[in-house]
Amino acid sequence: MAHLALYRKFRPETFDAIVRQEHVVRVLVNQIERGEGGHAYLFTGPRGTGKTSVARIFARAINCEHPVNGSSCGKCATCLALADGSLDIVEIDAASNNGVDNIRDLREEANYTPTHAKYRVYIIDEVHMLSTGAFNALLKTLEEPPEHVKFILATTEVHKLPSTILSRCQRFDFKRIEPKDIAARLRFVAEQEKIPLTEEGAMLIARISDGAMRDALSLLDRCSAYEKEITEDVVSDAAG
């Protein structure tokens, strides 16, 4: 079987598994439980801090028939349909789909009601890379979106977004993750994967990753291929 990168294998599936973004999770969970969600969200912050993971969890949760602690139950008919790759949750990489025609296609598609879920959710990653024309096309949909559509925009460079887009989104700022929290997660992953990882090795990976959990897991992956037991010296050598 092909090796699955650790950051993909251990991607959080529920809000409880999100590390260090309690201020974001609390608001989203309350909105889900009260049925008070907005139509457009903006997740901004450093890379590897959980923006896309939270977007996916939220997209499933607002469609779930019986949410558990704000997260999807994973068992109802809607959850099972979404797990099979439903078109009701659409992820778009703005880095490679940044033209006005891409957004116009999205606008036309958004008019159709969801196939299985209550809402059709569009997650647009690296949204700051959209062209000026694409932003203008998106703005029209954000101003008057269909009731069954929600948008989650994610970016590491929020200063590049037009103020007209910013003013129409609920903004959530993700924080860099503390080294001690990253190290704790690394030790958990290492234990699950039966990778010998010392306390010092975990802390060095955490410091090198500069607050990005994805980078930390990628470096753990590299270190495990470099040497069987991951010590501080092994991390230093593998990281160059």
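Conventions adopted
Residues numbered from 1 in each chain as written. Predicted model: local features only at pLDDT ≥ 70, side-chain atom pairs only at ≥ 80, totals over all residues. Heavy atoms only, no water. 1 Å grid on protein atoms, 1.4 Å probe; cavity = no way out; pocket = protein on both sides within 12 Å on 5 of 7 lines; lining within 4 Å. Points joined across faces, edges and corners; volume = space filled by probe spheres on them. Helix = DSSP H or I, 4+ residues; strand = E, 2+ residues; numbered from the N terminus. Nonpolar A, V, L, I, M, F, W, Y, C, P; charged D, E, K, R; others polar. pLDDT = per-residue confidence, 0-100. Salt bridge = Lys/Arg side-chain N within 4 Å of Asp/Glu carboxyl O. Buried < 20%, exposed > 50% of the residue type's maximum accessible area, 1.4 Å probe, protein only. Pairing = 2+ DSSP bridges. Expected span 1.5 Å × (residues − 1). Arc of directions from axis to C-beta. Contact = heavy atoms within 4.5 Å.

1. Brief notes about the layout of surface pockets
Computed from the structure, the largest pocket encloses a volume of approximately 500 Å³. Forming the walls of the largest pocket are 27 residues, and the residues nearest its centre are Arg11, Gly48, Gly50, Ser53 and Arg214. Of all the secondary-structure elements, those providing two or more residues to the lining of the largest pocket are α3 (51-61), β2 (89-93), β3 (120-125) and α10 (213-226). At four residues, α3 tops the list of elements feeding residues into the lining of the largest pocket. If you add up the space inside the second largest pocket, you get close to 260 Å³. Within the residue set of the lining of the second largest pocket, elements represented by two or more residues are α3, α4 (77-83) and β2. Among the elements that make up the lining of the second largest pocket, the one with the highest residue count is α4 (four residues). Counted by class, the lining of the second largest pocket contains six nonpolar, four polar and four charged residues.

2. Observations concerning the confidence of the model for the protein
Chain-level pLDDT for the protein is 92 on average; 99% of the residues reach the 70-or-more range. At the low end of the mean pLDDT range in the protein sits α4, at 88; at the high end sits strand β1 (residues 40-44), at 97.

3. Some words on the pattern of salt bridges
The full count for this structure, using the stated rule, is 13 salt bridges. A salt bridge links glutamate 193 to lysine 9; the shortest N-O distance between them is 2.9 Å. Within this pair, whereas glutamate 193 is found in helix α8 (residues 179-193), its partner lysine 9 is found in helix α1 (residues 6-9), the two being separated by 184 residues in sequence. The partly exposed category is assigned to glutamate 193, whose relative accessible area is 26%. The residue glutamate 143 makes a salt bridge to arginine 168 at a minimum N-O spacing of 3.1 Å. Taken together, the residues span a long stretch of sequence, with glutamate 143 in helix α6 (residues 132-143) and arginine 168 in the loop between α7 (163-166) and β5 (170-173) at a distance of 25 residues. Judged by its relative accessible area of 42%, glutamate 143 falls in the partly exposed class. Classification of arginine 168 by relative accessible area gives partly exposed; the value is 29%.

4. Quick notes on the pairing of strand β4 (residues 149-155)
For β4, a buried count of seven out of seven residues is recorded, marking the element as mostly surrounded by other parts of the structure. Going residue by residue along β4, you find Val149, Phe151, Leu153 and Thr155 tucked away on one face and Lys150, Ile152 and Ala154 tucked away on the opposite face as well. Bridge analysis of β1 against β4 gives five bridges, and the strand direction is parallel. When the sheet's bridge partners are listed, phenylalanine 43 is paired in β4 with alanine 154. Taken together, the five bridges between β3 and β4 define a ladder with parallel strand orientation. Of the residues in β4, the one forming a bridge with valine 121 is lysine 150.

5. Description of α8
The terminal C-alpha atoms of α8, which comprises 15 residues, lie 21 Å apart, in line with the 21 Å expected from a rise of 1.5 Å per residue. Buried within α8 we find Ile182, Ala183, Arg185, Leu186, Val189 and Ala190. Taken around the axis of α8, the buried residues stretch over an arc of 165°, which confines them to a single face. Looking at α8, the residues exposed on the side facing more than 90 degrees away from the buried face are Lys180 and Glu191. Check the buried side of α8 and you find it contacts α1, α9 (199-208) and α10. In the stretch just after α8, lysine 194 is the one whose phi turns positive, near 55°.

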